[in-house]
Every structure is written in C-alpha cells, then in structure tokens.
Amino acid sequence: MSRREISFYSEGAKLHGDLFLPDGAGADDRRAGIVLCHGYTGVKDLFLPDNAEWLRRDGYAVLTFDYKGWGDSEGARNRLAPFSRVADCFAALSFLAAQEAVDGERLGLYGTSYGGATAIWAAALDARVGCVVSTVGVGHGERWMRSVRRPDEWFDLLARAAADRTKRALHGESEIVERDEILLQDRASAELSAAARRANPAAIDSLPLEFVDETLSFHADWVVGKIAPRPLLLITTDGDRLVPPQESENLFARAGEPKKLVTLKGYGHYDVYSEPAFSAVMSETGAWFGAHLPARKNHGQIG
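Not measured: the values here are computed from a predicted model.

Undergrad: I keep staring at the nonpolar core and nothing clicks. Help me out?
TA: A general trend in soluble globular proteins is that nonpolar side chains are found buried together. Judged by nonpolar contacts, the single largest core of 91 residues is most densely connected at Phe8, Val35, Tyr40, Leu109, Trp144 and Ile182. Here this core takes eight residues from helix 3 (residues 114-125), the largest share from any one element. If we ignore the near neighbours within four places in the chain, the residues touching Phe8 are Ala13, Lys14, Leu15, Leu63, Phe65, Asp88, Ala91, Ala92 and Phe95.

So this is what it looks like as structure tokens:
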C-alpha cells in the first residue's frame, strides 16, 4: 500500500500519522524521507495528503501526523503549543528514519503556514534535517499576530493574555475562546478555511487562550540562520493577507546560503492548497528537494 496508518511517541504521548511510500521502496532501495508539518489549526488529513502524494510520486517516503492533542493523537486537546510541536517533529523524524525503506541519513522537512515556523525551528535544532521548505510561513510570532490587528485590538489581546497567564498559574486552566478571536482572517481566507474545516470532522473551532503567550515567543527568524549550510526554500504569495509575505522575506534576509525565495503572484494564503497555485508550490518544492535531497542517493545531488 502506498499509504498506511502509523503511530509513534513524542514526550510520552502516542501520535498518529500516515506514512506514504513510493513504489519499489524497500531495504534494497531506500529513499529520502520528508516530514510534513501542518499549520495553525490543521490536522494531517486537512490539505497535507495532497502534498504527501505529490512527493511520494517524486519517489520520497513521506510522513504526515497529528500533533499532540490534535486529530487522533493523545495529549491535552487542541492546545496549540509551538515548542511542543517542535518536539513532535523531532519524534516524527526519528520514526521516519527508523523505517526500513528510508535512508535515515537523508531527511527533509516541509512546513506550511504556522508549520513553516515549526519546520524552521526543528531544522535549526536538529542536524539530521538536510533540506527545508517553508510555504507561507510565520517568521516572528509577535510581529505576525500584531500585523493582522488594529492597535486597540492588539492591546486588548495582550491584556487578555496577561489575565489568562495569571489564571493558568492559580487554577491550572486556560480560557477557551473561539478560533476566530485569535486568528483574524481576511475575508478570502475565512471562507476557504471554513469550507475546508467543514469537510473534516477533526478540525476544531476553539483554542486555549494560552496560545497567545506561546506564540509571542515563537520566532523562527531568531534561529533560521542556524540552518545553513543546509538548503532552505521559502515560498510566499504577494496577496497573502493572513501571513503577509514580509514574514518569508524577513526569514530569507536572515537565512544563510543556499537559500531561495519564491513569491507567487496573484494568490492569497489558502490558495496554495488548491489549483493552480498548488502545482506552482509543489513544482518549486519538488525541484528544491530534487536538487538538494534527491529521492535516491547519488542521483544528481548538488549543494
């Protein structure tokens, strides 16, 4: 089977995922492996199967998974803890490297949206990662959250986060709020994400307010320079009003070589998950991995 359900452990919690294997992969034909990191409130079955299948057809072993507390995975429900997600990514890499059909010395990461920051953090800290792609990724959590708010909305959010910080310390619980109170989407993004989530029962509409505090210190552009000399591709869109293209541009400015920034013209944030933008994203992604982390060893690798 080209896709099978798997499980592995991160910080003691059992995580569930899907492993996509290309035809012919095995102990005698081991392939490079790529872990896919989904975004803000996504789950493995929302958007990422299409990316995984594309890369599988390119010859890669690909892993998608639900973070702790999301989808079918164990853990505190729906807690969007960015540094815990990085730990999940480490565990996913370890699981993938242990598979008979995978060359554990040739691993890559692909992250989308909030998962772009996850992938960059994980790559910066884990030398096993040989190649990275971030699509419409967040570079600086505080800058991003402030960029989509008016000044009064921003200061109100900080006040709510401070009150919740005290509540968590005194009572051990965070206030649960509507997803759209934290993620202020533009009209196009709101319509597209709502339609996608309606079709996926694992997608959720509420989050603990503690996510705000954790995102205020989750800055991929602090560590992106640590990835070099491993290659980094950043893909953004000029019409992204949810995660502005400046996030990828700032990451690019701080990254070392080899690096590449691709700005797709005429698309918004969620357009990257559907045609024709999807093929543009994955063509760039496939070419980048193909050049720097080929599916089979010694097949034209450069860099």
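Undergrad: Help me understand the pairing of strand 6 (residues 129-135), please; the structure alone is not making it clear to me.
TA: Regular strands place side chains that alternate from one sheet face to the opposite one. With six of its seven residues buried, strand 6 lies for the most part within the structure. Where strand 5 (residues 102-112) meets strand 6, six bridges bridge the pair, whose relative direction is parallel. Looking at the pairing, Leu109 lines up with Val132 of strand 6. Where the polypeptide runs from strand 5 across helix 3 and back to strand 6, its parallel neighbour, the crossover connection is right-handed. For strand 6 and strand 9 (residues 232-237), the ladder comprises four bridges, and the chain directions are parallel. Counted as the bridge partner of Ser134 is Leu234 from strand 9.

Undergrad: When you look at the state of the cysteines in this model, what are you seeing that I'm missing?
TA: Summed over all chains, the structure comprises zero disulfides. Here Cys37 stays free of any disulfide, with the sulfur of Cys89 as its closest cysteine sulfur at 3.6 Å. Here Cys131 is not cross-linked by a disulfide; its sulfur's nearest cysteine counterpart is in Cys37, at 13 Å. Exposure remark for Cys131: the relative accessible area of 0% places this residue in the buried category.

Undergrad: Where do I start with the sheet that holds strand 1 (residues 3-10) in this structure?
TA: As summarised here, the arrangement of the eight strands in space is 1-2-4-3-5-6-9-10, forming an open sheet in which the pairing is mixed. Each edge of the open sheet is held by one strand with a lone partner, namely strand 1 and strand 10 (259-264). Put simply, the sheet's adjacent strands are angled 20 degrees from each other on average, direction ignored. Lying over the sheet, helix 2 (residues 82-97) contacts strand 1, strand 2 (13-20), strand 3 (31-37), strand 4 (61-65), strand 5 and strand 6, oriented at roughly 125 degrees with respect to strand 1.

Undergrad: Would you explain the packing of aromatic side chains in this entry?
TA: Given two aromatic rings, one states the distance between the centres and the angle between the planes to describe the pair. This model, assessed by the stated rule, comprises 17 aromatic pairs. A ring pair is formed by Tyr60 and Phe289, whose centres lie 6.1 Å apart and whose planes are at 55 degrees; its orientation type is tilted. With Tyr60 in the loop between helix 1 (48-57) and strand 4 and Phe289 in helix 10 (residues 277-292), this residue pair connects regions lying 229 residues apart in the sequence. Its relative accessible area of 0% is what places Phe289 among the buried residues. Cluster of aromatic residues (ring-pair linked, three or more members): Tyr40, Phe83, Tyr114, Trp121, Trp144, Phe211 and Phe218. If you follow Arg85 out to its NZ or CZ, it ends over the ring of Trp70, 5.4 Å from the centre. Lying over the aromatic face of Phe252, Lys259 brings its terminal NZ or CZ to 4.4 Å of the ring centre.

Undergrad: Please clarify how the side chain of Thr237 should be interpreted in this entry.
TA: As for its placement among the helices and strands, Thr237 is situated in strand 9. Look at Thr237 and you get buried, because its relative accessible area is 0%. A distance of 3.4 Å separates a polar atom in the side chain of Thr237 from the backbone nitrogen of Asp240. At a separation of 3.1 Å, a polar atom in the side chain of Thr237 contacts the main-chain carbonyl oxygen of Tyr267. Not counting residues up to four positions away in its chain, the partners in contact with Thr237 are Val136, Pro245, Thr263, Leu264, Tyr267, Gly268, His269 and Val272.

Here is what the cut-offs are and how they apply
Residues numbered from 1 in each chain as written. Predicted model: local features only at pLDDT ≥ 70, side-chain atom pairs only at ≥ 80, totals over all residues. Heavy atoms only, no water. Core = buried A, V, L, I, M, F, W, Y, C linked by side-chain atoms within 4.5 Å. Buried < 20%, exposed > 50% of the residue type's maximum accessible area, 1.4 Å probe, protein only. Helix = DSSP H or I, 4+ residues; strand = E, 2+ residues; numbered from the N terminus. Contact = heavy atoms within 4.5 Å. Pairing = 2+ DSSP bridges. Right-handed = clockwise from strand over helix to strand, strands pointing away. Disulfide = S-S within 2.5 Å. Axes fitted to C-alpha atoms, helices over the stretch in contact; angles between N-to-C directions. Phe/Tyr/Trp six-rings, centres within 6.5 Å; stacked < 30°, edge-to-face > 60°. Lys NZ or Arg CZ within 6 Å of the ring centre and 35° of its normal. Polar contact = N/O pair within 3.5 Å; in protein donor to acceptor, adjacent residues only side chain to side chain.

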